[in-house]
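Analysis of the macromolecular model
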Amino acid sequence: MWRAARSAASTFRRFSTAIPAPCMVHKRGADILHDPWFNKDTGFPMTERDRLGLRGLLPPRVISFEQQYDRFMESFRSLEKNTEGQPDSVVSLAKWRILNRLHDRNETLYYRVLIDNIKDFAPIIYTPTVGLVCQNYSGLFRRPRGMYFSAKDKGEMMSMIFNWPSTQVDMIVLTDGSRILGLGDLGVQGIGIPIGKLDMYVAAAGINPQRVLPVMLDVGTNNQKLLEDPLYLGLRQPRLEGEEYLSIVDEFVEAVHARWPKAVVQFEDFQAKWAFETLDRYRKKFCMFNDDIQGTAGVALAGLLGTVRAQGRPLTDFANQKIVVVGAGSAGLGVLKMALQAVSRMGGPSADPHFFLLDKNGLITKDRKDIDPAALPFAKAHHEIEGLGLHEGAGLTEVVKKVNPHVLLGLSGVGGIFHEEVLRAMRESDSVRPAIFAMSNPTNNAECCPVDAFKLAGEDIVFASGSPFVNVDLGNGKIGHVNQANNMYLFPGIGLGALLSGARNISDTMLEAAAECLASYMSDDEIKRGILYPSINDIRDITAEVGAAVLRAAVAEDLAEGHGDVGARELQHMSKEETIELVRHNMWYPVYGPLVHD
Ligand SMILES: NC(=O)C1=CN([C@@H]2O[C@H](COP(=O)(O)OP(=O)(O)OC[C@H]3O[C@@H](n4cnc5c(N)ncnc54)[C@H](O)[C@@H]3O)[C@@H](O)[C@H]2O)C=CC1
Ligand SMILES: CC(=O)C(=O)O
Ligand SMILES: [Mg+2]
């Protein structure tokens, strides 16, 4: 098992400074064993046991990293076997617990098993299981991870930020818990999302785990069930609104930038109104982005461009694609905004995109009363739809039947909304490869499952979901490929590229560069087979490419101030290959480093 894992690991090792600089430790004895960053469990060599006061605190035999790795994987496989036949949620939480215990105990081993087994473990530490973990957080809570700033901390955040033990923080993922995946307002329990996203940062972008900070901004919750739960761990008050809310976010971002002025901040799973408002408020002021609006947009655009290639059409044909987007929240609107920019680039300012946007009240038109200003650019005018027999508020089935779209894309959070009639209607699509993107998370919130999609919409479709599903056996040796259209393919590279360029802020051009890089990663042969995104096993490789593309875009726009030893001028003179090498070289890789000098 180790041998196989090691060969995958050797791919990663190429990108890293294989032997870490000697890392000396100021702690002694049990304090080292209780510090997951330094702890090697039974792997401490005798010299370190002698000199760090560890003798007698461990059983005498020294076990190698490889043996520890194999032992963990064996326990994991036994757990899988022993929980066979139990409900999915029980099995998933048991798997999460065993990984979380390792995370608490020994970070080096944890991140190594995570990196080497990312395909198996991403669904546990990330979507879908992370959703279940958030829902059950109060019961699962054993020890804290990350930082919690609450409305009660107003006026104190500047000093609180110095309670964080690491001297340097590079990457922060921040949530207020108001829209966790498609699960709604989970209050303080949403902390699981920043933790999972940052685990992906370590695995995919090689951000040093000592330099990441998951943050929960607890401004209350409107989830009545949580407010009534005696074990709920967050503030038991309704959410702050308006200026009161913004003053809390303002205070937090000021505190963070006072201590770590160059940290990149990713806003995650904020309800739409605050997602847009905070992005607007901060994006020109410091290096931040909103993953749900901007990361998702890039991943969706890359997939949409892939569907044009899958039809055997030139990319410029993107401007002619009829795309029905279901869900007009932070993700759906982010996707359409980026798609509109792409259409304008391809077809010029007079380009006329064929986008149809629906929310819970149906098709959005300019006749909509109290229309969300962010949805207005995508609202259909009467003359654009009267020929199709469509109207304000038309339902999804009617829209699909009358539009015959090339693409049906769901970011609604509503499980099963692409029901039988909708999927059957996609058979009449004007595309030779109709595309169905059921992007909502977690699994139960997907707009449809791939088995239904291939069965009802036809075997020639291209399919993508936000959470992982297995490929579909279509019989006769044919496979219906299931893509995972998830922002995990971009946010690690956006964050890493922004960090290593020392970008003052994250521009649209940097985000476009990320999307284009992902779009061009796939070969024509893969695209023809309906494979739009790389295997998650290649996530470090794709992240290196995306990170370098983002970095080059920051340099080209004169936003890069440099990072560490590499200044802005040096970045300007780097070739494409050199930027990729720089990014790879900066990726942290988990190996036990010596804790004492020879
Ligand atoms: N695959 C990925 O990478 C990502 C997936 N998502 C998923 O997208 C979903 C939505 O996220 P946000 O846009 O942030 O949420 P949101 O709450 O801002 O927006 C949801 C939208 O769906 C609409 N909607 C609700 N019920 C509907 C119905 N029956 N028919 C049509 N539209 C309906 C709402 O009116 C709203 O416009 C979530 O499930 C989230 O997990 C979000 C970001 C990234
Ligand atoms: C993937 C993600 O960011 C979401 O579902 O919110
Ligand atoms: Mg999200």
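Residues numbered from 1 in each chain as written. Chains lettered and ligands numbered in written order. Predicted model: local features only at pLDDT ≥ 70, side-chain atom pairs only at ≥ 80, totals over all residues. Heavy atoms only, no water.

**Focus: the site of ligand 1**
Cut-off, in case you're wondering: One heavy atom within 4 Å of a molecule or strand makes the whole residue count as near it. The accessible surface values rely on the Shrake-Rupley method and a 1.4 Å probe; as for residues, cover is taken only from the protein chains in view. A run of DSSP states H or I qualifies as a helix once it reaches four residues; a run of E qualifies as a strand once it reaches two. Both are numbered from the N-terminal end. When residue character is reported, Ala, Val, Leu, Ile, Met, Phe, Trp, Tyr, Cys and Pro are called nonpolar, Asp, Glu, Lys and Arg charged, and the others, Gly included, polar.
Contacts to ligand 1 come from 26 residues, most closely from R179, A328, S330, A485 and N487. Protein chains bury 84% of the 870 Å² of accessible surface belonging to ligand 1 in isolation. Those elements that provide at least two residues to the shell around ligand 1 are α15 (291-310) and α16 (330-347). A class-by-class count of the residues in the shell around ligand 1 yields 10 nonpolar, 12 polar and 4 charged.

**What to know about the packing of aromatic side chains**
Note the cut-off: Any two rings among Phe, Tyr and Trp, with Trp reduced to its six-membered ring, count as a pair given centres within 6.5 Å; such a pair is stacked if its planes are under 30 degrees apart, edge-to-face if over 60, and tilted if neither. In this scheme, a residue with accessible area under 20% of its type's maximum is buried, one over 50% is exposed, and one in between is partly exposed, where area comes from a 1.4 Å probe on protein chains only.
Under the defined criterion, the tally for this structure stands at 16 aromatic pairs. With a centroid separation of 5.7 Å and an interplanar angle of 70°, the aromatic rings of Y137 and F141 are classed as edge-to-face. Judged by its relative accessible area of 10%, Y137 is buried. Ring centres of F267 and Y282 lie 5.9 Å apart, and the angle between their planes is 35°; on these two criteria the pair is classed as tilted. With a gap of 15 residues between them, F267 in strand β4 (residues 264-267) and Y282 in helix α14 (residues 272-282) connect regions that are remote in the sequence. Each residue in the set W37, Y110, Y111 and W588 is aromatic and connected to the rest through ring pairs, giving one cluster.

**Overview of the UniProt feature "binding site: a divalent metal cation" (unreviewed entry) in the protein chain**
Let me state the cut-off plainly: UniProt positions are given in the numbering used here, feature names are shortened, and annotations may be inferred rather than shown by experiment. Residue contacts follow a heavy-atom distance rule, with two residues in contact if any of their heavy atoms lie within 4.5 Å.
Residues annotated by UniProt as "binding site: a divalent metal cation" (unreviewed entry) correspond here to E268, D269 and D292. Spanning 25 residues, the annotated positions come together in the fold, the maximum distance between their C-alpha atoms being 6.7 Å. Here E268 lies in the loop between β4 and α14. E268 sits in the buried class, given a relative accessible area of 1%. When neighbours within four sequence positions are excluded, E268 is seen to be in contact with V173, L174, T175, I193, K197, D291 and D292. In this structure, D269 sits in the loop between β4 and α14.

**Some words on unusual backbone geometry**
The amide bond that connects T127 to the next residue, P128, takes the cis arrangement and shows omega of 10°. Structurally, P128 can be placed in the loop between α7 (118-125) and α8 (129-135). With an omega of -15°, the peptide bond between N441 and P442 qualifies as cis. In this structure, P442 sits in the loop between β10 (435-438) and α20 (450-457). At N476, a residue that is not glycine, the phi angle is positive and equals roughly 50°. Mapping N476 onto the fold places it in the loop between β12 (472-475) and β13 (478-480).

**Details of the site of ligand 2**
Counted only if it meets this: Any pair of N or O atoms that falls within 3.5 Å is considered a polar contact. Within protein, one atom must be able to donate a hydrogen and the other to accept it, and sequence-neighbouring residues count only if both atoms are side-chain atoms.
Looking at ligand 2, the residues that line it are Y126, R179, L181, K197, E268, D269, D291, D292, N441, N486 and N487. Interatomic distance of 3.0 Å between a side-chain N/O atom of E268 and an oxygen atom of ligand 2. Here an oxygen atom of ligand 2 and a side-chain polar atom of D292 are 3.0 Å apart. For ligand 2, whose free accessible area comes to 210 Å², the fraction covered by protein is 91%.

**Let's talk about the pattern of salt bridges**
Applicable threshold: Any Lys or Arg side-chain nitrogen found within 4 Å of a carboxyl oxygen on Asp or Glu counts as a salt bridge.
Counted by the stated rule, this structure contains 34 salt bridges. Notably, a salt bridge pairs K273 with E241, separated by 2.7 Å at the nearest N-O pair. Note that K273 is positioned in helix α14 and E241 in the loop between α12 (224-228) and α13 (242-259), a separation of 32 residues in sequence. With a shortest N-O distance of 3.5 Å, R529 and D525 are connected by a salt bridge. The exposure class assigned to R529 is partly exposed, which follows from its relative accessible area of 48%.

**So, the nonpolar core**
Let me state the cut-off plainly: We define the nonpolar core as a collection of buried residues of types Ala, Val, Leu, Ile, Met, Phe, Trp, Tyr and Cys that are connected through side-chain atoms lying within 4.5 Å of one another.
The biggest cluster of nonpolar side chains holds 134 residues, and the ones touching the most others in it are M200, F318, L409 and F437. Per-element tally for this core: the top contributor is helix α24 (residues 539-556), with 11 residues. With residues up to four places along the chain from it excluded, the contact list for L409 reads A300, L304, V324, V325, V326, V335, F418, F437 and M439. Core analysis: the next-biggest nonpolar cluster, separate from the first, contains 36 residues, M160, L174, Y282 and M288 among them.

**Side note on the sheet that holds β4**
Spelled out, the test is: When DSSP finds two or more bridges between a pair of strands, those strands are recorded as paired. Angles here are taken between N-to-C directions and fall from 0 to 180 degrees, while the axes themselves are lines fitted to C-alpha atoms, restricted in helices to the stretch in contact.
Taken in spatial order, the 5 strands make up an open sheet running β1-β3-β2-β4-β5, and their pairing is parallel. Looking at the sheet topology across the chains shown, the edges are occupied by β1 (147-150) and β5 (288-290). Sheet twist, expressed as the average angle between the axes of neighbouring strands with direction ignored, equals 20°. Summarising the sheet, β1 and strand β3 (residues 212-218) pair through 4 bridges and their orientation is parallel. Residue pairing in the sheet places M147 in a bridge with V215 of β3. Running over the sheet, helix α21 (residues 491-501) touches β2 (171-175), β4 and β5 and is turned about 155° from β4.

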